[in-house]
Amino acid sequence: MTSAADEAIIEATLDLLAEGSTVEALSIEAIATRAGVGKATIYRRWPGKDALLLDALRRLKGIVPQPTGHSVRDDLVLLVGAVGHNIDPRAAKIMPCLVPEVNRSPDHFQLYQNIIEPRRQLMREVLRRGIRTGELRADLDVEVTMALLTGPMLMQRMLRWHPELDERILPEKVVDGVLEGSRAR
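Residues numbered from 1 in each chain as written. Predicted model: local features only at pLDDT ≥ 70, side-chain atom pairs only at ≥ 80, totals over all residues. Heavy atoms only, no water.

**Q** Explanation requested: empty space enclosed by the protein in the structure shown.
**A** Unfilled space is identified by rolling a water-sized probe across the atoms. Inspection of the entire model under this criterion finds one cavity of 30 Å³ or more. Each pocket or cavity is described by its volume, and for the largest cavity that value is around 90 Å³. In terms of lining, the largest cavity is formed by Val23, Leu57, Lys61, Met95, Leu98, Glu101, Val102, His108, Leu111, Tyr112 and Ile115. The set of elements that each furnish at least two residues to the lining of the largest cavity consists of α4 (49-61), α6 (91-104) and α7 (106-133). Per-class residue counts for the lining of the largest cavity are eight nonpolar, one polar and two charged. (1 Å grid on protein atoms, 1.4 Å probe; cavity = no way out; pocket = protein on both sides within 12 Å on 5 of 7 lines; lining within 4 Å. Points joined across faces, edges and corners; volume = space filled by probe spheres on them. Helix = DSSP H or I, 4+ residues; strand = E, 2+ residues; numbered from the N terminus. Nonpolar A, V, L, I, M, F, W, Y, C, P; charged D, E, K, R; others polar.)

Written out as structure tokens, the structure reads:
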């Protein structure tokens, strides 16, 4: 259970990032001021800025959808539909700004990996289940297939690459297109 102070600290962190603060420029002092708490309050809850950022960005990404296990296709549509989809409107301002930070800093790269790895692991498990059940080819390259599934969604959601695409049905179209080449024959 989170306290009001925890909530205020996370919200302040996300607000500052959405307003244009870079990860490097973001300070515990600025977060504390925005949240209306002392720096010691933050340090009692998080050992440092990276741990706080990890929690704030996890919140921004939202809860990972859980596959049902009934159908590889349906589970992939669920997971692909979550790629780049954020309920919090601040994500549209924050996530694109993190890309340069992730590329410049090994620490920020690792932070990003810690956020997305549980999501990748779920997709890996669904694909491996499809291989085990014979729905997918035995020689399927799971990692490349994951890139094929997630890449189009990220391009569309982060860059609005093609404004005419209907994002409501895009996950199904992407999954069906990738599965066409991945299915066991």
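**Q** Just checking my understanding: could you explain a nonpolar patch on the surface for this structure?
**A** There is a patch of nonpolar side chains on the surface, built from Val99, Leu154 and Met158 and spanning about 210 Å² of accessible area. Tracing the chain through its elements places Met158 in helix α8 (residues 142-159). (Patch = residues over 30% accessible without salt bridge, like charges linked within 9 Å, V, L, I, M, F, W, Y side chains within 5 Å. Areas by Shrake-Rupley, 256 points an atom, 1.4 Å probe, with all protein chains shown as cover. Salt bridge = Lys/Arg side-chain N within 4 Å of Asp/Glu carboxyl O.)

**Q** Got a minute to help me understand α7 in this structure?
**A** Three- or four-residue spacings in an α-helix give side chains the same orientation, since the helix completes a turn every 3.6 residues. For α7, with 28 residues, the first-to-last C-alpha span of 38 Å sits near the 40 Å given by 1.5 Å per residue. At Ile116, α7 shows its maximal bend, which comes to roughly 40 degrees, and the proline Pro118 appears one to four places after that position. Directly after α7, the chain includes Gly134, whose backbone phi takes a positive value near 85 degrees. (Expected span 1.5 Å × (residues − 1). Bend = angle between axes of the 7 residues up to and from the residue.)

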